[in-house]
Amino acid sequence: MKVGLIDVDGHNFPSLPLMKISAYHKSNGDSVEWYNPLTAWISPPDRVYMSKVFTFTPDYQYPVNADEIIKGGTGYSYPDGGAELASEIEHIYPDYSIYYEKIPAVRNTAYGFLTRGCPRGCDFCIVGAKEGKCTKKVAELREFWNGQKNIVLLDANMFACKDWRELSVQLIDSGAWVNFSQGCDIRIMTEEKTEYIARMKIKRIHFAWDRYEDKKEIIPQFEKFKAFTKWGKEKLGVYVLCNFNTTFEQDLERIYMLRDMGYNPYVMLYEKEKIPRGHRLRKMQRWVNNRIIFGSCKRFEDFDERKGHG
Ligand code: SF4
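An account of the accompanying structure is given in this report. Since we're looking at a predicted model, the values are computed, not measured.

Quick notes on the pairing of strand 5 (residues 109–112)
Strand residues, when the strand is regular, have side chains that alternate between the two faces of the sheet.
Consideration 1: Here strand 5 shows no split at all, with Thr109 and Tyr111 on one side and Ala110 and Gly112 on the other all buried.
Consideration 2: Bridge analysis of strand 5 against strand 8 (residues 150–153) gives four bridges, and the strand direction is parallel. When the sheet's bridge partners are listed, glycine 112 is paired in strand 8 with leucine 153.

Written out as structure tokens, the structure reads:
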């Protein structure tokens, strides 16, 4: 069988489903290549898989010529993410090699989920609908890691899983640089969990402060974690959800407080595509998320985009 792959909207981030699909087909002796709209008219693939992550990005712009087309991902099936991969594909070691040219970092990096799901059920988040409202272990680390120097975890809330100790030990023993790329839940952080995290080789850990009303509960948690690890802000990212149910003043307050506690805030705009160009929320995002500008310009009012800094 001749298989074509289309990563519709992945930019600098590999598609885990496509890497697993590639591994599965290659293990069956099929040929797998990135779909090429020019050659496909001469020699069309038997099957094309299209993966789309975001709902607001444009769809693939060329006609797809194949006997069968399978579309997947949240970008096509919001909010549930569509059909799950069959178990023999979901649990296969990903074929990272398909991204070696597009994203060179993939040569040294393993990507995957140790757990799925989250018990929180936040209104703005699709994890509960997509993965379930309980965090469950879904893989051992070796399922997607084979000695790479770096591990990028995609788990939504690993420390809400009852198996967090065992999974943490796997990460510690790997000796690899670990990046918790999604927002870990600082509200459920305990001293014991922090100790385990501190024993990992952490490249970066991301938390989230999405709800302004969590202020009283969340600030001591951030302070305790910082005091225990003593890590610099380059390791400590915090996603700050804006444009959902907070005021602009509450957004700035969270940003300033996080910075003052020694964390790197990172603004996430809810339904960004609906925010008009030139809106101050977009400006605030450009200010905060550019580390050089945010480091040199202390206050939003002083941020002058024409100069590029404050
Ligand atoms: S805690 Fe995070 S992952 Fe869980 S539902 Fe809320 S936003 Fe989603």
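Topic: the pattern of salt bridges
Consideration 1: For the structure on display, the rule yields 20 salt bridges.
Consideration 2: The partner of lysine 162 in a salt bridge is aspartate 163, and the shortest N-O contact between them spans 3.4 Å.
Consideration 3: Assessed through its relative accessible area of 70%, lysine 162 is described here as exposed.
Consideration 4: Salt-bridge contacts for aspartate 214 lead to arginine 211; the nearest nitrogen and oxygen are separated by 3.0 Å.
Consideration 5: Of the residues examined, aspartate 214 reaches a relative accessible area of 5% and is grouped as buried.

Brief notes about unusual backbone geometry
Most peptide bonds are trans, and most residues other than glycine sit at a negative phi.
Consideration 1: A positive phi angle, near 70°, is found at asparagine 243, a position not held by glycine.
Consideration 2: With respect to the secondary-structure elements, asparagine 243 resides in the loop between strand 11 (236–242) and helix 7 (248–260).
Consideration 3: Unlike most non-glycine residues, glutamate 271 shows phi in positive territory, near 45°.
Consideration 4: Position of glutamate 271 among the secondary structure elements: in the loop between strand 12 (264–269) and helix 8 (280–289).

A closer look at the packing of aromatic side chains
Consideration 1: Under the defined criterion, the tally for this structure stands at 22 aromatic pairs.
Consideration 2: Seen from their ring centres, tryptophan 287 and phenylalanine 294 are 5.0 Å apart, and the 70° between their planes marks the pair as edge-to-face.
Consideration 3: Among the aromatic residues, those joined into a cluster by ring pairs are Phe207, Trp209, Phe222, Phe225, Trp231 and Tyr263.
Consideration 4: The aromatic ring of tyrosine 196 is capped on one face by arginine 199, whose charged end is 5.2 Å from the ring centroid.
Consideration 5: In this structure, lysine 226 packs its charged tip against the face of tyrosine 263, placed 6.0 Å from the ring centre.

Things to note about the sheet that holds strand 11
Consideration 1: Reading across from one edge, 5-8-9-10-11-12 is the order of the six strands in this open sheet, with parallel pairing throughout. This sheet does not close on itself; its edge strands, each paired only once, are strand 5 and strand 12. When the angles between neighbouring strand axes are averaged without regard to direction, this sheet yields 20°.
Consideration 2: Across the face of the sheet, helix 6 (residues 215–229) comes into contact with strand 10 (201–209) and strand 11 while running at roughly 170° to strand 10.

Digging into the nonpolar core
Consideration 1: In this structure, Phe180, Met284 and Trp287 are the most contacted members of the largest nonpolar core, which totals 72 residues.
Consideration 2: Per-element accounting of this core gives the leading share, five residues, to helix 7.
Consideration 3: The contacts of tryptophan 287, once residues within four sequence positions are left out, are Leu252, Ile255, Tyr256, Arg259, Ile293, Phe294, Cys297, Lys298, Arg299, Phe300 and Phe303.
Consideration 4: Tyr35, Ala40, Met50 and Ala66 belong to the second-largest nonpolar core, a separate cluster that totals seven residues.

Points about the layout of surface pockets
It is a probe the size of a water molecule, rolled over the atoms, that shows where empty space is left.
Consideration 1: The space that makes up the second largest pocket amounts to roughly 320 Å³.
Consideration 2: Looking at the second largest pocket, it is lined by 19 residues, and the ones nearest its centre are Asp7, Val8, Asp9, Gly10 and Lys102.
Consideration 3: Residue contributions to the lining of the second largest pocket peak at three residues, all from strand 1 (residues 2–7).
Consideration 4: Here the residues of the lining of the second largest pocket are counted per class, giving 10 nonpolar, five polar and four charged.

Re the site of the ligand
Consideration 1: Close to the ligand lie Cys118, Arg120, Gly121, Cys122, Phe124, Cys125, Ala156, Arg187 and Asp210.
Consideration 2: For the shell around the ligand, the per-class residue count stands at five nonpolar, one polar and three charged.

Conventions we followed
- Residue numbering note: each chain is counted from 1, following its sequence as written.
- Local features in a predicted model are, by the rule used here, given only for residues with pLDDT of at least 70; side-chain atom pairs are given and counted only at 80 or more, and totals for whole chains, interfaces and linings are based on all residues.
- For the side-chain quantities, the full set of heavy atoms in the structure was used; hydrogens and water were omitted.
- Relative accessibility decides the category of a residue: with a 1.4 Å probe and only protein chains considered, values under 20% of the type maximum give buried, values over 50% give exposed, and everything between is partly exposed.
- Helix and strand definitions here come from DSSP, where helices need a minimum of 4 consecutive H or I residues and strands a minimum of 2 consecutive E residues; each element is numbered from the N-terminal end.
- Pairing between strands is defined by DSSP: at least two bridges between them are needed.
- Note on definitions: salt bridges are taken to be side-chain nitrogens of Lys or Arg within 4 Å of carboxyl oxygens of Asp or Glu.
- Centres within 6.5 Å make a pair out of two Phe, Tyr or Trp rings, where for Trp the six-membered ring is used; the pair is then stacked when the planes are under 30 degrees apart, edge-to-face when over 60, and tilted otherwise.
- For a Lys NZ or an Arg CZ to count as sitting over a ring, it must be within 6 Å of the ring centre and within 35 degrees of the ring normal.
- Fitted lines through C-alpha atoms give the axes, limited to the stretch in contact for helices. The angle between two N-to-C directions lies from 0 to 180 degrees.
- Residues are treated as being in contact if the distance between any of their heavy atoms lies within 4.5 Å.
- We define a nonpolar core as any set of buried Ala, Val, Leu, Ile, Met, Phe, Trp, Tyr and Cys residues linked to one another through side-chain atoms lying within 4.5 Å.
- A cavity here means a set of 1 Å grid points, computed over protein atoms only, where a 1.4 Å probe fits but cannot escape. A pocket is an open set with protein on both sides within 12 Å along at least 5 of 7 lines, and lining residues have an atom within 4 Å of a point.
- Grid points are joined across faces, edges and corners, and a volume is the space filled by probe spheres set on the points.
- Under this grouping Gly is polar, as are all residues other than the nonpolar Ala, Val, Leu, Ile, Met, Phe, Trp, Tyr, Cys and Pro and the charged Asp, Glu, Lys and Arg.
- Any residue with a heavy atom lying within 4 Å of a molecule or strand is counted as near it.

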